[in-house]
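Coordinates in review
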Amino acid sequence: MVNSVFGSVGTSVFETMSRLAAEHGAVNLGQGFPEGIEAAEVIAAAERALRAGPHQYPPTLGLPALRQAVAAANKRFWGIEVDWQSEVLVTSGATEALADCFLGLLEPGDEVLVFQPAYDSYGVILRRAGAVPVPVRLEPPHWELPRQRILDSITPRTRAILLNTPMNPNGKVFTRDELEFLADLLERHDLVAICDEVYEHLTFDGREHLPLMALPQARGRCLRIGSAGKTFSVTGWKVGYVTSTAERLAPVARAHQYLTFATPPHLQSAVAFGLGLGDDYFGGLQATLQEHRDYLAAGLRDLGFTVLDGGGTYFLCVDISGLDPQGDDFAFCRRLVAESGVAAVPVSTFYAERDMRSLIRLCFAKRKPLLRDALDRLGAWAARRPVAAA
Ligand code: PMP
Ligand code: GLN
């Protein structure tokens, strides 16, 4: 017996590529997780909290200290005024937060516009919630907001827009002008925006992340999701948070109550501590990741690879059309990990139709020596190929 949605999907490509990386002793630039930049002071805070306890169920909405810290961070970083008691919910990762939003807000048959490329859990959980994901495609290399395509996709059944900025896997950071266009749509078509902002602190080259929720006209229509995994480089912790209006958050909190009920309290305490760290922490994270992005991008370009520009997140996309006559990015990644010892992720996995086959994604949130090792391996691989990378 199997539910038809889960029966129709396989093992996630992130897991598959990590397994292959381990099998081949490869440098794993596939699955998006940081290495070597974990926030040591936040981990120390978790150790203290684990020793001190308590170890029992925290309140279902989250520890007051963390809800207060999330509210304060909304104000400090993005100028959003938030009532911590009624407008913040703590979840077990952003993934659970997304599921809570879908399950808590949507009815069967409701349509949700999903910008593609899109994180793989969106479509699956939307469908399991009975909703209909409506893909709206952004086009490389600039990934501009496809305004006409959005207008053409709205029907009387459209209820929500799912927006991920900064965007995985392409590193797009939505501009104020694009967000204003979306804010206007929310109002005109009576929609809500589910805003996946897990990479909110990871923007580069002076680009500013702007939450849609920070636009006053959209404040009451947004559910804004963050993740401590990304902000403190501890993706295994799975601590997320949702900020919205009290009215919109209540059904989401109900879904959370019946799914996981709560999130480990010592991790919540540590994240509360982390969100209060000084600007040097947040600025330092940004500067380190920007430097690592530049290092990987320059190294790849020197080897002859075509690297797309990315302004945020952990990721760079590489165009493999000149390297992959078969036009199959998944098969290419499988070959690449075996032949070169570097794992990447095929970008087709971010498309419902799997038809974008010419890009692969590499994660640069790693120690420099690991990035150097990956570049050396890719250089050796390119030199061995009958058709050179260039
Ligand atoms: N949204 C996006 C866009 C992501 O890339 C990820 C994870 N890498 C998540 C959500 C999930 O975050 P979490 O690990 O906190 O569930
Ligand atoms: N979101 C992460 C990525 O893009 C992966 C999360 C996961 O493995 N489920 O790599």
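Right, let's walk through the structure included here. Please read these numbers as outputs of a predicted model, since none were measured by experiment.

Basis of the calculations
Residues numbered from 1 in each chain as written. Chains lettered and ligands numbered in written order. Predicted model: local features only at pLDDT ≥ 70, side-chain atom pairs only at ≥ 80, totals over all residues. Heavy atoms only, no water. Buried < 20%, exposed > 50% of the residue type's maximum accessible area, 1.4 Å probe, protein only. Helix = DSSP H or I, 4+ residues; strand = E, 2+ residues; numbered from the N terminus. Pairing = 2+ DSSP bridges. Phe/Tyr/Trp six-rings, centres within 6.5 Å; stacked < 30°, edge-to-face > 60°. Axes fitted to C-alpha atoms, helices over the stretch in contact; angles between N-to-C directions. Left-handed = near helix turned anticlockwise from the far one by under 90°. Contact = heavy atoms within 4.5 Å. Nonpolar A, V, L, I, M, F, W, Y, C, P; charged D, E, K, R; others polar. Near = heavy atom within 4 Å. Polar contact = N/O pair within 3.5 Å; in protein donor to acceptor, adjacent residues only side chain to side chain. Areas by Shrake-Rupley, 256 points an atom, 1.4 Å probe, with all protein chains shown as cover. Salt bridge = Lys/Arg side-chain N within 4 Å of Asp/Glu carboxyl O.

Our focus in this paragraph is the pairing of strand β3 (residues 111-116). The element β3 is largely enclosed, with a buried count of six among its six residues. Across the two faces of β3 the burial is the same, with Glu 111, Leu 113 and Phe 115 and Val 112, Val 114 and Gln 116 all buried. The pairing of β3 with strand β4 (residues 132-137) spans six bridges and is classified as parallel. In the sheet register, Val 114 faces β4, and the bridge partner there is Pro 135. Across four bridges, the pairing between β3 and strand β5 (residues 158-164) is parallel. Looking across to β5, one finds that Leu 113 is bridged to Ile 161.

All right, on to the packing of aromatic side chains then. Going through the model one piece at a time under the given rule, you end up with 15 aromatic pairs. Centre to centre, the rings of Phe 14 and Tyr 119 are 6.5 Å apart; their planes meet at 40°, and the pair counts as tilted. Of this pair, Phe 14 sits in helix α2 (residues 13-23) while Tyr 119 sits in the loop between β3 and α7 (121-128); the two residues are 105 residues apart in sequence, bridging distant segments of the chain. The exposure class assigned to Phe 14 is buried, which follows from its relative accessible area of 9%. Ring plane angle 75° and centroid distance 5.9 Å describe the contact between Phe 14 and Phe 350, whose orientation is recorded as edge-to-face. Taken together, the positions of Phe 14 in helix α2 and Phe 350 in the loop between β12 (345-346) and β13 (359-363) put the pair 336 residues apart, joining distant regions of the chain. Assigned by exposure class, Phe 14 and Phe 350 land together as buried.

Turning to the packing of helix α6 (residues 93-105) against α7, a few remarks are in order. Packing of α6 against α7 brings their axes to within 9 Å, and their N-to-C directions diverge by 35°. In the packing of α6 onto α7, the handedness of the crossing is right-handed. Here α6 contributes Thr 95, Leu 98, Ala 99 and Phe 102 to the contact with α7, which in turn contributes Ser 121, Tyr 122, Ile 125 and Leu 126. Looking at the contact of α6 with α7, its residues break down into six nonpolar, two polar and no charged.

What follows concerns unusual backbone geometry. In this structure, Pro 117 follows Gln 116 across a cis peptide bond, with omega equal to 10°. In this fold, Pro 117 is placed in the loop between β3 and α7. A cis geometry characterises the amide bond from Pro 140 onward to Pro 141, with omega recorded as 5°. Following the sequence through the fold, Pro 141 ends up in the loop between β4 and α8 (147-153). Even without being glycine, Asp 190 reaches a positive phi, approximately 55°. Relative to the elements of secondary structure, Asp 190 occurs in the loop between α9 (176-189) and β6 (192-196). Unlike most non-glycine residues, Phe 261 shows phi in positive territory, near 70°. Take Phe 261: it is sitting in the loop between α11 (246-259) and α12 (265-275). Note on Phe 261: relative accessible area 32%, which makes it partly exposed.

What follows is about the site of ligand 1. With respect to spatial proximity, 13 residues lie near ligand 1, and among them Thr 95, Asp 196, Tyr 199, Ser 227 and Lys 230 are the closest. A distance of 2.8 Å separates an oxygen atom of ligand 1 from a polar atom in the backbone of Ala 94. One of the side-chain nitrogen or oxygen atoms of Asn 168 is found 2.8 Å away from an oxygen atom of ligand 1. When ligand 1 is considered free in solution it has 390 Å² of accessible area, and contact with the protein chains removes 93% of it. Looking at the shell around ligand 1 residue by residue, the class counts come to five nonpolar, five polar and three charged.

Close to ligand 2 lie Phe 14, Gln 31, Gly 32, Tyr 119, Asn 168, Phe 315 and Arg 361, which account for all nearby residues. Separating an oxygen atom of ligand 2 from a side-chain N or O atom of Gln 31 is a distance of 2.7 Å. Within the contact set of ligand 2, an oxygen atom lies 2.9 Å away from a side-chain nitrogen or oxygen of Asn 168. Contact with the protein chains covers 79% of the free accessible surface of ligand 2, which is 300 Å². Tallied by class, residues from the shell around ligand 2 come to three nonpolar, three polar and one charged.

With that settled, consider the pattern of salt bridges. Overall, the coordinates contain 26 salt bridges when judged by the stated rule. Here Asp 294 ties to Arg 293 by a salt bridge, and the two come within 2.8 Å at their closest N and O atoms. Exposure remark for Arg 293: the relative accessible area of 7% places this residue in the buried category. Among the charged side chains, a salt-bridge network with shared partners connects Asp 205, Arg 207, Arg 293 and Asp 294.

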